Amino acid sequence: MKTLAKTFQQNLLLAVAFKVVHDALVFVSPQLLKLLIAFVSDEDSFAWQGYLYAILLFLAAVIQSLCLQQHFSLCFQLGINVRASLIAAIYKKVSTRKESTVGETVNLMSADAQRFMDLANFIHQLWSSPLQIILSIVFLWGELGPSVLAGIATLLLLLPINAFLVAKAKTIQERNMKNKDERMKIMTEILNGIKILKLFAWEPSFEKRVNEIRAHELKNLMNFSYLQSVSVFVFTCAPFLVSLASFAVYVLVDENNILDAQKAFTAISLFNVLRFPMATLPMVISFLVQVRPTQGRGCRGILSLGFPLSEGHLSLSGSAVRFSEPSCLCSVTLDIMPGSLVAVVGAVGSGKSSLVSAMLGEMENIKGHINIQGSLAYVPQQAWIQNATLKDNIIFGSELDEARYQQVLKACALLPDLELLPAGDQTEIGEKGINLSGGQKQRVSLARAVYSNADIYILDDPLSAVDAHVGKYLFEHVLGPKGLLQKKTRILVTHSISFLPQVDNIVVLAAGAVSEHGSYSTLLANKGAFSQFLNLYGNQEEDVSEENTAGTGNTVGLWQLEWLSKRHKGDRVAWDWWVGWWRGALWAARWSPKAVLGVTAHGLMGSIGPQVKFSMYLRYLRAVGLCFTFWIVMGYVGQYAAYVGSNLWLSDWTDDSVRYQNQTYPTQQRDLRIGVFGALGVSQGESLFLLFATMLSARGTVRASRVMHQQLLSNILRAPMSFFDTTPIGRIVNRFAKDIFTVDETIPMSFRSWISCFMAIISTLIVICLATPFFAVVIIPLSIFYYFVLRFYVSTSRQLRRLDSVTRSPIYSHFGETVSGLSVIRAYGHQERFLKQNEITMDINQKSVYSWIVSNRWLAIRLEFVGSLVVFFSALLAVIAKGTLEGGIVGLSVSSALNVTQTLNWLVRTSSELETNIVAVERVHEYMTVKNEAPWVTKKRPPHGWPSRGEIQFVDYKVRYRPELDLVLQGITCDIGSTEKVGVVGRTGAGKSSLTNCLFRVLEAAGGKIIIDDVDIATIGLHDLRKSLTIIPQDPVLFTGTLRMNLDPFDQYSDEEVWKALELAHLKTFVQGLPERLLHLVSEAGENLSVGQRQLVCLARALLRKAKILILDEATAAVDLETDHLIQTTIRSAFADCTVLTIAHRLHTIMDSNRVMVLHAGQIVEFDSPEQLLMKQGIFSAMAKDAGITAAESTAL
């Protein structure tokens, strides 16, 4: 707080000055009102006095609003400044020393800095609220004497009730957050594994799970809404109960106390003034409480700053270093000569990376010292890539020297990649280098180091991510004795043994200490740990490189291999990239360019377009239920009717003071007055109307939430696979998270506050019109002006909010990037540049935030001006019509007008809020109308126990992915007999996977049909079909839940059957060893099982289903050889009496099938037994030759 005061002294003082003026004027209005009523009631007063009062009222209102807006503007500026300086400070602190996790720091930046900003806006309430409360009480005492205390007591009694309600609501909210997280977790899983759900026909089971959680969530939501309606009710009753208590006590205490218009209406406006500070004070205090821990965190964050590094050439003498973690290096002594190439080797965890970190000064130095002379360049083990162009990533803030840049590109084997990238070296690289392959990232990272032209190079295993021959190339051209860096000092941490003979010096680390060092020949002669290490790993190294080439040969055709060898420089990674690019291009072709353009244009237009369609509001109200809606509105109408009634009654009561001017006031009249006033008021806020309306709306809105979520969920689960292929999962998840949250919680609140604001304004205008009918004439121009201001503001504000959120994310992403690349940035000494960059991104965001804040002030001043005019005209007309009016009604009309200013402001706020939020309904609706796949169950059911034989016939079967695309399968005709084992092979893109998709009708036929056991599969429901086939998919997908749920989500099978399946899948011993056995919890995506085990679980799934037709989609691609063997033998024995289709990527797996189907470009080119196919020189024998299978071998298999 002290720091805030010191830094922003001028701002704070100005704000205080404006606020004081405003607070004083707040109390002037009630006094002027009192004078005005006196003037109207007094027959002899001069007309000019009345006009003067009216003008003064107007001026007071205008100046008040100007001061308040100035004050707010200053506060918000303070808020922005505080946020900016906090973020900058946190950033600076992080870029010098890394202490907390990325998550924590980003949190500090986003949430906590935002909290400080909010606090700055309210900070003045801390002194202004108590001041206003004290002043109100003083003035009230002047009006009503001690009976004010009754009113105050009522207010104080209401506070704990509110506090209790708030606490209760908070616990419900916390419970609900848990449900939400749970539901989102399942949703994400469903969307990630949607293909499996469809192939196994498991959607109903998961739909049930989500709906169960949702039911709990809605129950809590319902309770929360009820609580809310009670607290709204208490808050609405408050001013009313207070005035009732005060007036009743005032009249009852003393016979002579007569309530006249002056007293009553002055008191009411003072009570209204009192309401605001009483409400905000607890809010500000709770805010302070929230900021306290933040302040602690923030300060802790900002105070712990880094430490300076000493310079000198590189020598580590007896230095022990350690991370904050226990991993340490003990007394390492090294002296590295300038210009030498030193390799650091050692087993995993022996401290190689720690040694590097120590040299970079990233670790705590416990004793000894590290001297480094000259500049550093550092290549980390995991390449760190910025979200910038490829060129910027390599140049990294240095001057551009074109010749050297080209030389570096050539040496780092990046030229072939540049040809592939869409814009060469100007290609924008996504976050974390998302559009580069691992090897490309590593080479860019290396190129950055080489380009920086430093004196000392620290390379942490840069060759691990690239292919063997690329590694060799890089070593020759960059790192080795003949490379670009031959004159520099190079420290290379490596696992690769092939380069060791060429280095000057080898340092062997073991358990954090140097076990031996010297040249390659000396170490070999020493017969120490190093030579053992060589013997152990030397042989493996050769295997690996051979295996690599074999692997490529299998998936890539021969001509491509020649092409690859011609462009040997572009390693296989480039090749992968190339394939990936082609696939992307194919996808793009599936999305015809028109479609893409249409989508982007729609995205842009959708965001800027005209105001939200009225139909969306209707759609939401329909979900609430039109009957509900009608009664809710009626409730609010009733509430405000009662409100007008009670006020008219009060003005009539005050006129009694004139009627019974010189007589004693009759008691029964007095009791009647109090009674009716109470009854009207209570029915206004209390039981009947408001509570009725809010409770109803609670029920209605929860109903709407239920309906919308249910429709959304069931529709998404019934969408065809093509929808999920073309829609990013994040977008769908967002509908279930953010948009459903808006429908659940934000929209009901907005709707309620909008209705009550609207009604309040209408009732005020009615009261004024009743008092002075001429006022109706003034309403028309005022409302037109108001409407235009509103339209203008709402559209601007929407765009400014959008700009704010768009410009805010770069701050966080730049920050996240900095944190993850800290060691690199520090090694190169680029902290200043990044600080500068951070400040630039922040400024861009500040501009839009500032514009938004100023636009709000602009609006407020225009609107409050309308309010001031309302006050002015109501007073003026009262003065003009002086003779005909009672004091009471004048008091009523002007005091209502004084109140309207705030409400007008609120109406605009809630309108724009409602409009922003109703978009969620539109977005949810968009996904409720996605086209569905065929029905799950149709009238025609297949016979019981179908398919009993398992014969499959394809009759001239054609299929395409989407109507406008070419055929993928071009008229396939074949018969597969009962219990036949068929292998399906073909190059990438031949249509193998499309074949499985067709059997399960993930793709619908474009012509021809598939007949299984005399039933055309296109005529039955999808679930009937999918439940009768079994597939073991390519990638094993598991869901959170028990192991048993993963095998049998519908609980159709007994435990014995499940155990039997596990035994056949070789998982029985593993599962019996688990403490929970079948109820063992599988974590998200099956993370707590190995990939092999997951694949075996999928096998157990298939065994449990025991359908007559089994489809294997290369189930063994992700498994080690042992598991592969297990799976193959199990399938041979357990599925001996089933028809099995195997889609193979490795030919070994299908050499023992009855027949092999060779697909090429969507047609069957060969279909015969493997032996026959090997004899005749066709595609199959060529593929077999690539894979190294000869005819002799196949018979052995």
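Summary of the structure given here. Computed from a predicted model, the values in this text were never measured in an experiment.

Section: the overall build of the protein chain
No. 1: Looking only at helices and strands, the protein chain features 40 helices and 21 strands.
No. 2: Classification of the 1197 residues of the protein chain by burial places 52% in the buried group.
No. 3: For the protein chain, the proportion of contacts with a sequence separation of at least 24, taken over those separated by at least 6, is 80%.
No. 4: Carbon and sulfur atoms form 62% of the exposed surface of the protein chain, whose accessible area is close to 53800 Å².

Some remarks on the pattern of salt bridges
No. 1: Inspection of every chain in the model, using the stated rule, returns 28 salt bridges.
No. 2: A salt bridge links Lys 198 to Glu 203; the shortest N-O distance between them is 3.6 Å. One exposure class covers both Lys 198 and Glu 203, and it is buried.
No. 3: Notably, a salt bridge pairs Lys 836 with Glu 839, separated by 3.6 Å at the nearest N-O pair.

A short note on the packing of aromatic side chains
No. 1: Within the structure shown, the criterion is met by 23 aromatic pairs.
No. 2: Between Tyr 405 and Tyr 451 the ring centres are 6.3 Å apart and the planes differ by 85°, which places this aromatic pair in the edge-to-face class. With Tyr 405 in helix 12 (residues 402-411) and Tyr 451 in helix 14 (residues 438-452), the pair connects residues that are 46 residues apart, well separated along the chain. As far as the burial class goes, Tyr 405 and Tyr 451 line up, both buried.
No. 3: With a centroid separation of 6.2 Å and 40° between ring planes, the pair formed by Phe 614 and Tyr 617 is classed as tilted. One end of the pair, Phe 614, and the other, Tyr 617, are both in helix 21 (residues 614-624), three residues apart, so they sit about a helical turn from each other.
No. 4: Put simply, the rings of Phe 58, Phe 865, Phe 872 and Phe 873 touch in pairs and so form one group of aromatic residues.
No. 5: For the cation-ring pair, Arg 448 lies above Phe 396, with the distance from its terminal atom to the ring centre recorded as 4.9 Å.
No. 6: Here Arg 735 stacks its cationic end above the ring of Tyr 927, 4.4 Å away from the centre of that ring.

Comments concerning the pairing of strand 21 (residues 1163-1168)
No. 1: Where strand 20 (residues 1155-1160) lies against strand 21, five bridges are found, and the strand directions are antiparallel. Paired with Leu 1159 across the two strands is Ile 1164, which belongs to strand 21.

Notes on the sheet that holds strand 13 (residues 1005-1012)
No. 1: Read across the open sheet, the four strands follow the order 11-10-13-14; overall the sheet is antiparallel. Strands with a single pairing partner mark the edges of an open sheet, and in this sheet they are strand 11 (967-976) and strand 14 (1015-1016).
No. 2: The pairing of strand 10 (residues 952-960) with strand 13 spans six bridges and is antiparallel. The residue bridging Lys 958 from the neighbouring strand is Gly 1007, located in strand 13.

Focus: the packing of helix 29 (residues 831-880) against helix 30 (residues 887-928)
No. 1: At a closest axis distance of 9 Å, the pairing of helix 29 and helix 30 adopts a crossing angle of 165°. Relative to helix 30, the element helix 29 lies roughly antiparallel. Helix 30 is crossed by helix 29, and the crossing has right-handed handedness.
No. 2: Among the residues making up the contact of helix 29 with helix 30, the classes are represented as 15 nonpolar, seven polar and three charged.

Thoughts on the pairing of strand 10
Regular strands place their side chains on alternate faces of the sheet.
No. 1: As paired elements, strand 10 and strand 11 share seven bridges and run antiparallel to each other. Residue pairing in the sheet places Gln 953 in a bridge with Asp 975 of strand 11.
No. 2: The hairpin formed by strand 10 and strand 11 contains six residues between the paired strands.

A look at the side chain of Arg 214
No. 1: Looking at where Arg 214 falls in the secondary structure, it is placed in helix 8 (residues 203-253).
No. 2: Within the local environment of Arg 214, its side chain forms a polar contact with the backbone oxygen of Ser 705, the two atoms lying 3.3 Å apart.

Some remarks on the environment of Leu 969
No. 1: When you line up the elements, Leu 969 lands in strand 11.
No. 2: It is 4.1 Å that separates the C-alpha atoms of Leu 969 and Gly 1162, two residues lying 193 residues apart in sequence.
No. 3: Ignoring sequence-local partners within four residues, the contact set of Leu 969 consists of Tyr 957, Lys 958, Val 959, Gly 991, Ser 994, Leu 995, Cys 998 and Gly 1162.

Section: helix 30
No. 1: Across its 42 residues, helix 30 extends 59 Å between first and last C-alpha, which sits within 8% of the 62 Å expected from 1.5 Å per residue.
No. 2: Of all 42 residues in helix 30, 31 are buried; the element is thus mostly enclosed.

Overview of the sheet that holds strand 3 (residues 341-346)
Strands belonging to one sheet form pairs held by backbone hydrogen bonds; the direction of such a pair is parallel or antiparallel.
No. 1: Taking strand neighbours across the sheet as the criterion, the six strands line up as 5-6-7-3-8-9 in an open arrangement whose pairing is mixed. With one partner strand each, in any of the chains shown, strand 5 (376-379) and strand 9 (513-518) form the two edges of the open sheet. Put simply, the sheet's adjacent strands are angled 15° from each other on average, direction ignored.
No. 2: The pairing of strand 8 (residues 505-510) with strand 9 spans five bridges and is antiparallel.

Observations concerning the nonpolar core
No. 1: Judged by nonpolar contacts, the single largest core of 83 residues is most densely connected at Cys 412, Leu 446, Ile 458, Leu 474, Val 478 and Leu 479.
No. 2: Filtering out sequence-adjacent residues up to four positions away, Leu 446 remains in contact with Val 379, Cys 412, Leu 459, Leu 474, Val 478 and Leu 479.

Quick look at a nonpolar patch on the surface
No. 1: Nonpolar side chains collect at one region of the surface, where Val 21, Phe 46, Trp 48, Leu 52, Ile 55, Leu 56, Leu 59 and Ile 63 lie side by side and expose about 740 Å² of accessible area between them.
No. 2: Among the elements that line the nonpolar patch, the one with the most residues is helix 3 (residues 47-96), at six residues.
No. 3: Residue position: Leu 56 is located in helix 3.

Structural notes on helix 34 (residues 1055-1064)
No. 1: All of the buried residues in helix 34 are Val 1058, Trp 1059, Ala 1061 and Leu 1062. Projection of helix 34 onto a plane perpendicular to its axis shows the buried side chains occupying an angular sector of 160°, all on one side.
No. 2: Taken together, the buried residues of helix 34 touch helix 33 (1043-1047), helix 35 (1068-1073) and helix 36 (1091-1105).
No. 3: A positive phi of about 60° marks His 1066, the residue just after helix 34.

As for the side chain of Thr 629
No. 1: On the secondary structure map, Thr 629 appears in helix 22 (residues 626-659).
No. 2: Assessed through its relative accessible area of 14%, Thr 629 is described here as buried.
No. 3: Only 2.8 Å separates the side chain of Thr 629 from the backbone oxygen of Gly 625, close enough to count as a polar contact.

Observations concerning unusual backbone geometry
No. 1: The omega torsion across Trp 946 and Pro 947 is -10°, close enough to zero to call that bond cis.
No. 2: Mapped onto the fold, Pro 947 is located in the loop between helix 30 and strand 10.
No. 3: Positive phi is not limited to glycine here, since Ala 201 has a value of about 55°.
No. 4: The topology assignment puts Ala 201 in the loop between helix 7 (194-200) and helix 8.
No. 5: Phi is positive for Thr 979, close to 55°, though the residue is something other than glycine.
No. 6: Along the chain, Thr 979 turns up in the loop between strand 11 and strand 12 (981-985).
No. 7: Using a relative accessible area of 34% as the deciding quantity, one classes Thr 979 as partly exposed.

What counts as what
- Residues numbered from 1 in each chain as written.
- Predicted model: local features only at pLDDT ≥ 70, side-chain atom pairs only at ≥ 80, totals over all residues.
- Heavy atoms only, no water.
- Helix = DSSP H or I, 4+ residues; strand = E, 2+ residues; numbered from the N terminus.
- Buried < 20%, exposed > 50% of the residue type's maximum accessible area, 1.4 Å probe, protein only.
- Contact = heavy atoms within 4.5 Å.
- Areas by Shrake-Rupley, 256 points an atom, 1.4 Å probe, with all protein chains shown as cover.
- Salt bridge = Lys/Arg side-chain N within 4 Å of Asp/Glu carboxyl O.
- Phe/Tyr/Trp six-rings, centres within 6.5 Å; stacked < 30°, edge-to-face > 60°.
- Lys NZ or Arg CZ within 6 Å of the ring centre and 35° of its normal.
- Pairing = 2+ DSSP bridges.
- Axes fitted to C-alpha atoms, helices over the stretch in contact; angles between N-to-C directions.
- Parallel < 35°, antiparallel > 145°, perpendicular 65-115°, else oblique.
- Left-handed = near helix turned anticlockwise from the far one by under 90°.
- Nonpolar A, V, L, I, M, F, W, Y, C, P; charged D, E, K, R; others polar.
- Polar contact = N/O pair within 3.5 Å; in protein donor to acceptor, adjacent residues only side chain to side chain.
- Expected span 1.5 Å × (residues − 1).
- Core = buried A, V, L, I, M, F, W, Y, C linked by side-chain atoms within 4.5 Å.
- Patch = residues over 30% accessible without salt bridge, like charges linked within 9 Å, V, L, I, M, F, W, Y side chains within 5 Å.
- Arc of directions from axis to C-beta.

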